[in-house]
Amino acid sequence: MSIKHSLLALLQDGPMYGAQLRQEFEQRTGGTWPLNVGQVYTTLGRLERDGLVESAGAADEEGRIAYRLTEAGRSEVLQWWTVPVGREQTPRNELAIKLALAVTLPGVDVQRIVQTQRTATMTHLRDLTRLKRSADGDDLAWELVLESLIFADEAEVRWLDHVEARIARITPTAAKASRTARVATPGKAGPREEVSR
Amino acid sequence: MSAEPTLALRDVERTHGTGETAVHALRGVSLTVGPGELVAVMGPSGSGKSTLLNVAGGLDAPTAGTVTIEGVDLASLSRPGLDRLRRRTMGFVFQDLNLIPSLTAIENVSLPMELDGVSLRKARAAARDALGRVGILELADRFPEHLSGGQQQRTAIARALVGERRLVLADEPTGALDSTTGEAVLRTLRDQCDDGAAGLLVTHESRHAAWADRVIFLRDGVIVDTTGDATPPESLLGQAG
């Protein structure tokens, strides 16, 4: 997650000090990704070093320094809005890794893993939905964050249904054979498809 | 929830055919749905979801086990008695809405009560109330063809819950609707349960099942799992990294 760009974007609204930035960030994202003040000040320090923010004046009576965007900082924010969020790096997905290992190792009850996960994800999805029901419709930003989590859970349940349907069509032996073939012929995409046949 | 569940299935079996060709559509299914509770049933095609709904609604009889509605064992009722219980206590919502095209929304909703011998005036007043509860009272005099998909589905929910009915059984009620309209229908169903109705919802959409209090997973006629207790919001969020 880009804390750097989030802070720069918030400073478009006007100068703010660290605690204010943290509060604004959490308020707009419903506290879904909590920041600690230390992280905020460390990031502000780097942004100042890189010439993207500067202090907006002397410290107030409580010793807090407000920061504002420099011209370079302003163009960095514009750039952030313009460029899509990168998908070049695949974040490590523990569930995908767990199931990839489960279908290739003997003696693992894959169906059980799938069902246990589906129940847990469905419980989480229900709880998120309950939270959404309690939202009064006045906080669009917060509801959109909540809905992004809801859609992610939904996608996971759909994927688990898909996994279950796939493993129902193949035997563990076939999955193992597929893995062996893949190791034996690196660079060929074919064996990956064999699993579904 | 009161002590008496609105719907209770105990050790329900439903087998089609006999001997080697027998198909066990439901095997030892037990579940209860109380007033104010919405329970969703999920499972792949052929897992027994629709059979479960039909057995719960008395449209199909279990091979073994009992189904009770507000403490009344459906097997103890005569055919007319069962019909009466269905008309007065429970309502059905299907993907295929079965609205009668030549009747207006309010006539569709009041029809089950009229068939039950309730006076036209009383039936229409109840229908008006039911349409109001699902938020489409102003559309009462429209024919189904002049209602959107979502409005038709709400009419079907109003019909399912008109009068004193306290149990709604819904089979893929959002099937043909876009996601926003589908969600509005779920919200309507949820509101009806929050007002005291009991609901059993069959769906393959996890986002819709998530409106229920509990989700039951069915596989090959067996309940294999149920969602857990609610997580408090403070532990629900703030973990996403």
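Note that the structure is a prediction, hence the values are computed from the model and not measured. (Residues numbered from 1 in each chain as written. Chains lettered and ligands numbered in written order. Predicted model: local features only at pLDDT ≥ 70, side-chain atom pairs only at ≥ 80, totals over all residues. Heavy atoms only, no water.)

This part covers the domain arrangement of chain A. Residue and element names in this part refer to chain A. Looking at the assigned domains, one finds that chain A contains domain 1 (3–82) and domain 2 (94–178). A straight line from the C-alpha centre of domain 1 to that of domain 2 covers 36 Å. Across the boundary between the two partners, domain 1 contributes 6 residues, which contact 5 residues of domain 2. With both sides pooled, the region where domain 1 packs onto domain 2 buries about 370 Å², and carbon together with sulfur makes up 72% of that total. In this structure, the connection of domain 1 to domain 2 is made through 0 salt bridges. At the boundary of domain 1 with domain 2, the tally comes to 0 residue pairs in polar contact (both at pLDDT 80 or more). Along the lines of polarity and charge, the residues of the side of domain 1 that touches domain 2 split into 1 nonpolar, 4 polar and 1 charged. (Domains from an automatic or database assignment. Contact = heavy atoms within 4.5 Å. Buried area = accessible area lost by both parts, 1.4 Å probe. Salt bridge = Lys/Arg side-chain N within 4 Å of Asp/Glu carboxyl O. Polar contact = N/O pair within 3.5 Å; in protein donor to acceptor, adjacent residues only side chain to side chain. Nonpolar A, V, L, I, M, F, W, Y, C, P; charged D, E, K, R; others polar.)

With that out of the way, let us pick up unusual backbone geometry. Residue and element names in this part refer to chain B. For glutamate 70, which is not a glycine, the phi torsion comes out positive at approximately 45°. Mapping glutamate 70 onto the fold places it in the loop between strand S4 (64–69) and strand S5 (72–73). Under the relative-accessibility criterion, glutamate 70 is labelled partly exposed at 29%. (Helix = DSSP H or I, 4+ residues; strand = E, 2+ residues; numbered from the N terminus. Buried < 20%, exposed > 50% of the residue type's maximum accessible area, 1.4 Å probe, protein only.)

Moving on: the pairing of strand S3 (residues 38–42) of chain B. All names here are of chain B. For S3, the tally of buried residues reaches 5 of 5 residues, placing the bulk of the element in the interior. Of the two faces of S3, both are covered, the one formed by Leu38, Ala40 and Met42 as well as the one formed by Val39 and Val41. Note that S3 and strand S8 (residues 198–202) share 4 bridges and pair parallel. Looking at S8, one finds that valine 39 is bridged to leucine 200. Two strands pair when backbone bridges link them, and S3 and strand S9 (residues 214–219) are joined in this way by 4 bridges, in the parallel orientation. Bridging across to S9, valine 41 finds its partner in isoleucine 216. (Pairing = 2+ DSSP bridges.)

Turning our eyes to something else, we now look at the pairing of strand S2 (residues 23–33) of chain B. A regular strand carries its side chains on alternate faces of the sheet. Strand direction decides the pairing type here: strand S1 (residues 7–16) of chain B and S2 of chain B, joined by 7 bridges, are antiparallel. The partner of histidine 16 of chain B across the bridge, within S2 of chain B, is valine 23 of chain B.

This paragraph deals with helix H2 (residues 18–28) of chain A. All names here are of chain A. Listed as buried for H2 are Gly18, Leu21 and Phe25. Looking straight down H2, one finds that the buried residues subtend no more than 60° of arc, so they occupy a single side. Seen from the buried face of H2, the exposed residues on the opposite side, beyond 90 degrees, are Gln23 and Gln27. Contacts from the buried residues of H2 go to helix H1 (3–11) and helix H3 (37–49). At the exit of H2 stands glycine 30, carrying a positive phi of roughly 65°. (Arc of directions from axis to C-beta.)

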